[in-house]
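Each chain, written out:
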Amino acid sequence: MGVEFVDLFNKWASSYDDTVAGGDPEYLEVFEGYDKMLEELADLAVSPVMEFGLGTANLTRKIVRQNKLVIGVEPSEEMRRIAALKCPEAAIYDGDFMNFPNLSTPVHSIVSSFAFHHLNALEKKAAIKRYFQLLEPEGRIIFIDTLFKDQKHKQTLINEAEKSGYLNLAQDLKEEYYAYVEELNEMFLKAGFEVTFKQLNKYAWLIQAQKGDG
C-alpha cells in the first residue's frame, strides 16, 4: 500500500463515516447497503479474526459485539486514532496488507472491507499466498470489495459514472487496482483456497476463500 493512499486516508478519516453512510451522492451506490454488508461479513468471521484496513472500525465493532477477538491492522494514523476511540476492545496495529506485526495469536479468519483494491495484482497474489500460511486449518478469508465482472463491465461502470457527472468516482474506477472476478478467483485457487463470489450491490462483492483442513 503506497504512501499516497495513507495520506489520502489520513485526510478522509474525519468524513469517512459520513461517506459510507450515504452522505456523498457520488459514492452512494458504491456503499449501498453498507451496514447490512458488514453485518453479513461479521456473522461469517470465526474468532480470532485479523482485519486489514480497518479504517474507522465500522466492521471491527460489529465483530467485537459478537464477542469475537479482533486484531486490526491499519496504515493511517488518523484512522487508527478514530478506530481506537470507537472500538477500544480491539487490538490495533500500524501496518498494511503486506507489512504487519508477527503475532502469536492463531488466526481463524482474515477480513477486510473496501480495501483490498489498494494492492496491485502482484501484491494481491503475494498477500493471498502469505495468508494461506498464516491461517489455521479450515481458516477463511472474507473480503468485501468493488470488483469488475470483466473489461466490458468495468467500462460500463466508468461510462455511467461519467454520464452522472461523478468524475471522482470515474477516476477511481480507472486508476485504482480493482480486480476482475476471474483474475481474483485464479489467485485464490493457485494459493490453495476454495473461493466463492457473491455480488452485494452494483459495485461491491463478498469474497469467501476457505483453506482446507490439512
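Residue positions are given per chain, counted from 1 along the sequence in the order it is written. Given that the model is predicted, a residue must reach a pLDDT of at least 70 before its local features are reported, and side-chain atom pairs must reach 80 or more before they are shown or counted; all residues, however, enter totals for whole chains, interfaces and linings. The basis for every side-chain value is the complete set of non-hydrogen atoms in the structure, without hydrogens or water.

> Is there a simple way to explain helix α4 (residues 77-86) in this structure?
Helical periodicity: at 3.6 residues per turn, an α-helix aligns residues three or four positions apart in one direction. The rule is simple: take the accessible area with a 1.4 Å probe, protein chains only, and divide by the maximum for that residue type; under 20% is buried, over 50% is exposed, in between is partly exposed. The helix and strand labels rest on DSSP assignments: H or I over at least four residues marks a helix, E over at least two residues marks a strand, and numbering proceeds from the N terminus. By the burial criterion, the buried members of α4 are Met-79, Arg-80, Ile-82 and Ala-83. For α4, the angular spread of buried residues about the axis comes to 165°, placing them on one side. Set apart from the buried face of α4 by more than 90 degrees, the exposed residues are Glu-77 and Leu-85. Think of it as the arc spanned by the lines of direction from the helix axis to the C-beta atoms.

> Just to check I follow, could you spell out the side chain of Glu-176 for this structure?
Mapping Glu-176 onto the fold places it in the loop between α7 (167-175) and β6 (179-180). Of the side chains bearing the opposite charge, Lys-124 lies closest to the buried Glu-176, which forms no salt bridge; the N-O distance is 8.9 Å. Any pair of nitrogen or oxygen atoms within 3.5 Å is treated as a polar contact; in protein, a donor-acceptor pairing is required on top of that, and neighbouring residues in sequence qualify only through side-chain atoms on both sides. Separated by 3.2 Å, the side chains of Glu-176 and His-117 make a polar contact. In summary, the charge assignment counts Lys and Arg as positive and Asp and Glu as negative, without counting His or the chain termini. What counts as a salt bridge is simple: a side-chain nitrogen of Lys or Arg found within 4 Å of a carboxyl oxygen of Asp or Glu.

> Even after reading the chapter, I still don't get the side chain of Thr-60, so can you show me in this structure?
When you line up the elements, Thr-60 lands in helix α3 (residues 58-64). Judged by its relative accessible area of 0%, Thr-60 is buried.

> I would appreciate a short explanation of the UniProt feature "binding site: S-adenosyl-L-methionine" (unreviewed entry) in the chain in the present structure.
UniProt positions are given in the numbering used here, feature names are shortened, and annotations may be inferred rather than shown by experiment. Under the UniProt annotation, "binding site: S-adenosyl-L-methionine" (unreviewed entry) lies at Gly-53, Glu-74 and Asp-96. For the residues just named, distributed over 44 residues, the greatest C-alpha separation is only 6.6 Å, placing them together at one site. By the secondary structure assignment, Glu-74 is in strand β2 (residues 70-74). Exposure remark for Glu-74: the relative accessible area of 4% places this residue in the buried category. Residues are treated as being in contact if the distance between any of their heavy atoms lies within 4.5 Å. Sequence-distant contacts of Glu-74, defined by excluding residues within four places in its chain, comprise Gly-53, Leu-54, Gly-55, Met-79, Arg-80, Tyr-93, Asp-94 and Gly-95. Of note is the side chain of Glu-74, whose polar atom sits 2.9 Å from the backbone nitrogen of Gly-55. Its relative accessible area of 11% is what places Asp-96 among the buried residues. There is a polar contact of 2.8 Å between the side chain of Asp-96 and the backbone nitrogen of Met-98.

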